[in-house]
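If you want the building blocks of each chain, they are given just below.
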Amino acid sequence: MDLIPTKRESFEQEKPETRQVRRNRIEILEQKVRMLEAELLSSKRMFQSIADNAPDVICRFNGNFEHLYVNPALEKATGIPVLNFIGKTPHTAGLPPPMADFWVNILTQVLEKKDYMTFDFSFPTPIGDRDVLYVAQDHDGSGPWLWALDTNSRTTRRVAYGT
């Protein structure tokens, strides 16, 4: 039984059992697509929740250094609203020129190296100095994407158990 009609036969000329098998397969495929879409949505929500609540700055840039994603920690670090970054480069997002130049320089280096790099630096922000930056490049088939993670070293107070 051929499930794909040839030029000589049309869907209307198929045997009823062939049409039913085709409908069943289509239904199964549609169910699988719905299941995969639900899993993808769940995964996106989980990432969004983690990234949005991370204390460290997380950014994603395209190959033109335009911000595609920034988490709320960037607003806390810069005092610039998150929405001011989306679709803008570090220069057009409102960062001070020296900081914007620094970011473009880092992103250019990572783009040219086609790998990840770690930068150890310090710069003042409204919530204190930031001091380590990890930048990586990845590809999704449509071009290079750059991820930046500002992992600010923090000293925490240790509390003895039971006190």
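Residues numbered from 1 in each chain as written. Predicted model: local features only at pLDDT ≥ 70, side-chain atom pairs only at ≥ 80, totals over all residues. Heavy atoms only, no water.

## Concerning the overall build of the protein chain
Next, step 1: Counting its regular elements, the protein chain contains three helices and five strands.
Next, step 2: Among the 163 residues that make up the protein chain, the fraction classed as buried is 31%.
Next, step 3: Sequence separation of 24 or more characterises 32% of the internal contacts of the protein chain that already satisfy a separation of 6 or more.
Next, step 4: Of the roughly 11,300 Å² of accessible surface on the protein chain, 57% is carried by carbon and sulfur atoms. (Helix = DSSP H or I, 4+ residues; strand = E, 2+ residues; numbered from the N terminus. Buried < 20%, exposed > 50% of the residue type's maximum accessible area, 1.4 Å probe, protein only. Contact = heavy atoms within 4.5 Å. Areas by Shrake-Rupley, 256 points an atom, 1.4 Å probe, with all protein chains shown as cover.)

## Observations concerning the nonpolar core
Next, step 1: Ranked by size, the top nonpolar core spans 22 residues in total, and within it Phe85 and Leu95 carry the most contacts.
Next, step 2: The element that contributes the greatest number of residues to this core is helix 3 (residues 97-113), accounting for six residues.
Next, step 3: The contacts of Phe85, once residues within four sequence positions are left out, are His67, Val70, Leu74, Thr78, Ile80, Ala93 and Leu95. (Core = buried A, V, L, I, M, F, W, Y, C linked by side-chain atoms within 4.5 Å.)

## So, helix 1 (residues 16-53)
Residues spaced three or four apart along an α-helix face the same direction, because each turn holds 3.6 residues.
Next, step 1: Over its 38 residues, helix 1 runs 55 Å from end to end, which matches the ideal 56 Å to within 8%, given 1.5 Å per residue.
Next, step 2: Buried residues of helix 1: Thr18, Arg22 and Ala51, and no others. (Expected span 1.5 Å × (residues − 1).)

## A look at the pairing of strand 2 (residues 67-70)
Looking down a regular strand, the side chains alternate between one sheet face and the other.
Next, step 1: Of the strand pairs in this sheet, strand 1 (residues 57-62) and strand 2 are connected by three bridges, and their pairing is antiparallel. In the sheet register, Arg60 faces strand 2, and the bridge partner there is Tyr69.
Next, step 2: What sits between the antiparallel neighbours strand 1 and strand 2 is a turn of four residues, in which Phe65 has the positive phi angle 70°. (Pairing = 2+ DSSP bridges.)

## Quick notes on the packing of aromatic side chains
Next, step 1: Per the stated rule, a full pass over the model turns up two aromatic pairs.
Next, step 2: The interplanar angle of 55° and the centroid separation of 6.1 Å between the aromatic rings of Phe47 and Tyr69 together place this pair among those described as tilted. With a gap of 22 residues between them, Phe47 in helix 1 and Tyr69 in strand 2 connect regions that are remote in the sequence. (Phe/Tyr/Trp six-rings, centres within 6.5 Å; stacked < 30°, edge-to-face > 60°.)

## Here's the deal with the pairing of strand 1
Next, step 1: Most of strand 1 sits out of view: six of its six residues are buried.
Next, step 2: Burial along strand 1 is two-sided: the residues Val57, Cys59 and Phe61 and Ile58, Arg60 and Asn62 are all buried.

## Describing the confidence of the model for the protein chain
Next, step 1: Per-residue pLDDT for the protein chain averages 77, and the proportion of residues at 70 or more is 69%.
Next, step 2: Across residues 153-163, confidence stays below pLDDT 50; counting only partners more than four residues off in sequence or on other chains, it has five contacts. (pLDDT = per-residue confidence, 0-100.)

## Regarding helix 3
Next, step 1: Given a rise of 1.5 Å per residue, 17 residues ought to cover 24 Å, and the 24 Å separating the end C-alpha atoms of helix 3 matches this to within 8%.
Next, step 2: Lys114 sits one or two residues past helix 3 and shows a positive phi near 60°.

## What to know about the environment of Asn64
Next, step 1: When you line up the elements, Asn64 lands in the loop between strand 1 and strand 2.
Next, step 2: Spatially, the C-alpha atoms of Asn64 and Leu107 are 9.5 Å apart, while their sequence positions differ by 43 residues.

## Re unusual backbone geometry
With the exception of glycine, the majority of residues adopt a negative phi angle, and the majority of peptide bonds are in the trans configuration.
Next, step 1: At Phe65, a residue that is not glycine, the phi angle is positive and equals roughly 70°.
Next, step 2: Relative to the helices and strands, Phe65 resides in the loop between strand 1 and strand 2.
Next, step 3: When its relative accessible area of 14% is taken as the criterion, Phe65 is described as buried.

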